[in-house]
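Remarks on the overall topology
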Amino acid sequence: TIEARAAFADRLSGRSAVKEADASRHNEQIMQLFRSLREGHARLRKLFKEIFSQLHALDLFGKLQTPRHRARQLERRSASELSVREFMDKYAFPGRPVVITDLQLTGQPWTLDFFRRTCNKTVSMMRKNGSSATWGRLEFADKLPLAEFIDTHTTNATRKTWYLHDWSLPRKCPEVFGPAPYTGFTMPKYFAGDYFQRTAFQGQQHSWPSLFIGSEETESAMHIDSAGTSFWLYLIEGRKQWRFYSRTDFVNLYQRPGTPHFYPDVFEPVHEHFPLLKYAEMFEGIQEPGELIFIPGGNPHGVRNLSPILGVSMNYVDASNVWMHVWELLMDDHFPEFELFTDNITVPHGLRSTQQPLSFGEWKSQTWNEFRYDMF
Ligand SMILES: O=C(O)CCC(=O)C(=O)O
Ligand SMILES: [Fe+2]
């Protein structure tokens, strides 16, 4: 409501009715909690390092008797028989990936030609960079008109290596959603509960869905998505090969400390250098056109494109991963955003098991505060 927004704005700008002494006591409590959490985290990291070093050394000397892990196939489920409740209980909350089939996301088909006609924009391209220090081993390549990239990305040798990666449609080409009331796109019921849509001015709510276009020479090296967000990608054209590891398996994965990146190349791993990798639980699979892949937050994954791809995707936070999101906000000193998700006012928590798919326009105009939620 208007009143709630005014109160919210007052709090952000410090004009609240709360007495200053109370406010500063409150802040002191939060900072105390924050310091304790950081201290506990540092201790756990130290312990983790010790366990990792021991396991790595034991395996080098052939003394680890653990059986190696066999890759498992990504599970496939039809949206026609997968309820919101089962999706949450079986995949989102436990952190398991799944491929969902039989979803209808767009009104008219979102083909390359549709984007070429609809988005008269200049885009920034990414390309592969061998260093594991950059996001997905990608770096900025060049800028060019989207239409020109679409026309040349499967034929021009240089542009075959360029990747249009996570290009925000609401920000850069809102025309794709059609004229009001914006029915050109339908948000699947599993993701309609996105908490970013409930956060007033937080700023992420208009980043997605986003666009991916790249040839069979493009890929994203293993990484964890930012801020604990979960991710889905709906593939319109092409084939993508995914490898997915569990967030409970970090001891086997050789993460670059303090980054969301990893040393091994998951598609061509040098096992002698990373001996513990063979013990990590891995899901693997090839995504086909018309399929949506769900990657729950915090889990390492890598993907390469086996043929030229066109896809739309979204990062989001909901009841299943908000615990990771607020942790990442705290670790990055994003205190105001942390408060948005924890003050029990701004972001109503929970999901509805009866959630239906929503057109883009409906999704953007829900009154989240007025619903009753039965899933937490
Ligand atoms: O499809 C890709 O290349 C990468 C998708 C992904 O994992 C991401 O954007 O976080
Ligand atoms: Fe990702």
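Reference entry: report on the structure contained in this document. Everything numeric here is computed off the predicted structure, so don't read it as measured data.

With that out of the way, let us pick up the sheet that holds strand 3 (residues 98-101). Pairing is mixed across the open sheet formed by 9 strands, whose spatial order is 2-3-13-10-15-8-6-4-5. Each edge of the sheet is formed by a strand with only one pairing partner; in this case those strands are strand 2 (76-78) and strand 5 (138-145). The sheet shows a mean angle of 30° between the axes of neighbouring strands, taken without regard to direction. Of the pairings in the sheet, the one linking strand 2 to strand 3 comprises 3 bridges and is parallel in character. Bridged to R76 within strand 3 is V99.

Each regular strand shows side chains that alternate between the opposite faces of the sheet. With 6 of 7 residues buried, strand 6 (residues 162-168) lies mostly within the body of the structure. Direction of pairing for strand 4 (residues 122-128) relative to strand 6: antiparallel, over a ladder of 2 bridges. When the bridges of strand 6 are listed, R127 appears paired with W162. Where strand 6 and strand 8 (residues 210-214) come together, 4 bridges link them in antiparallel fashion. Bridge pairing links W167 to L211 in strand 8.

As a further point, take a nonpolar patch on the surface. A surface patch of nonpolar side chains, about 300 Å² in accessible area, is lined by L44, L47 and I51. Of note, I51 is situated in helix 2 (residues 20-60). The partly exposed category is assigned to I51, whose relative accessible area is 44%.

This part takes up the site of ligand 1. In the vicinity of ligand 1, the contacting residues are W135, Y163, H165, F212, S220, H223, D225, F231, L233, K240, H301 and V303. Taking K240, its side chain carries an N or O atom lying 2.7 Å from an oxygen atom of ligand 1. In this structure, an oxygen atom belonging to ligand 1 sits 3.0 Å away from a side-chain N or O atom of H301. Contact with the protein chains hides 98% of the accessible area of ligand 1, taken as 290 Å² for the molecule alone. Going through the elements one at a time, strand 6, strand 9 (219-223), strand 10 (230-237) and strand 14 (301-305) are the ones with two or more residues in the shell around ligand 1. For the shell around ligand 1, the class distribution of residues is 6 nonpolar, 4 polar and 2 charged.

Here the focus is the coordination of the iron ion (ligand 2). Protein ligation of the iron ion (ligand 2) involves H223 (NE2), D225 (OD) and H301 (NE2), the donor distances falling in the range 2.0 to 2.1 Å. Mapped onto the polypeptide sequence, the residues donating to the iron ion (ligand 2) form the spacing pattern H-x1-D-x75-H. Placement of the pair is H223 in strand 9 and H301 in strand 14, with a sequence separation of 78 residues.

Residues K121, K143, R171 and K172 make up a contiguous surface patch of positive charge. Of note, K121 is situated in the loop between helix 4 (112-118) and strand 4.

This part covers the sheet that holds strand 9. Spatially, the 5 strands line up as an open sheet ordered 1-12-11-14-9, and their pairing is mixed. The open sheet terminates on both sides in strands that have one partner only, identified here as strand 1 (72-73) and strand 9. Both strand 1 and strand 12 (residues 282-287) contribute to a ladder of 2 bridges, which runs parallel. Across the sheet, Q73 pairs through a bridge with E284, a residue of strand 12.

What counts and how
Residues numbered from 1 in each chain as written. Chains lettered and ligands numbered in written order. Predicted model: local features only at pLDDT ≥ 70, side-chain atom pairs only at ≥ 80, totals over all residues. Heavy atoms only, no water. Pairing = 2+ DSSP bridges. Helix = DSSP H or I, 4+ residues; strand = E, 2+ residues; numbered from the N terminus. Axes fitted to C-alpha atoms, helices over the stretch in contact; angles between N-to-C directions. Buried < 20%, exposed > 50% of the residue type's maximum accessible area, 1.4 Å probe, protein only. Patch = residues over 30% accessible without salt bridge, like charges linked within 9 Å, V, L, I, M, F, W, Y side chains within 5 Å. Areas by Shrake-Rupley, 256 points an atom, 1.4 Å probe, with all protein chains shown as cover. Salt bridge = Lys/Arg side-chain N within 4 Å of Asp/Glu carboxyl O. Near = heavy atom within 4 Å. Polar contact = N/O pair within 3.5 Å; in protein donor to acceptor, adjacent residues only side chain to side chain. Nonpolar A, V, L, I, M, F, W, Y, C, P; charged D, E, K, R; others polar. Donors = N, O, S within 2.8 Å, 3.2 Å for Na, K, Ca; no water. Lys, Arg positive; Asp, Glu negative; His and termini not counted. Charge placed at Lys NZ, Arg CZ, Asp CG, Glu CD.

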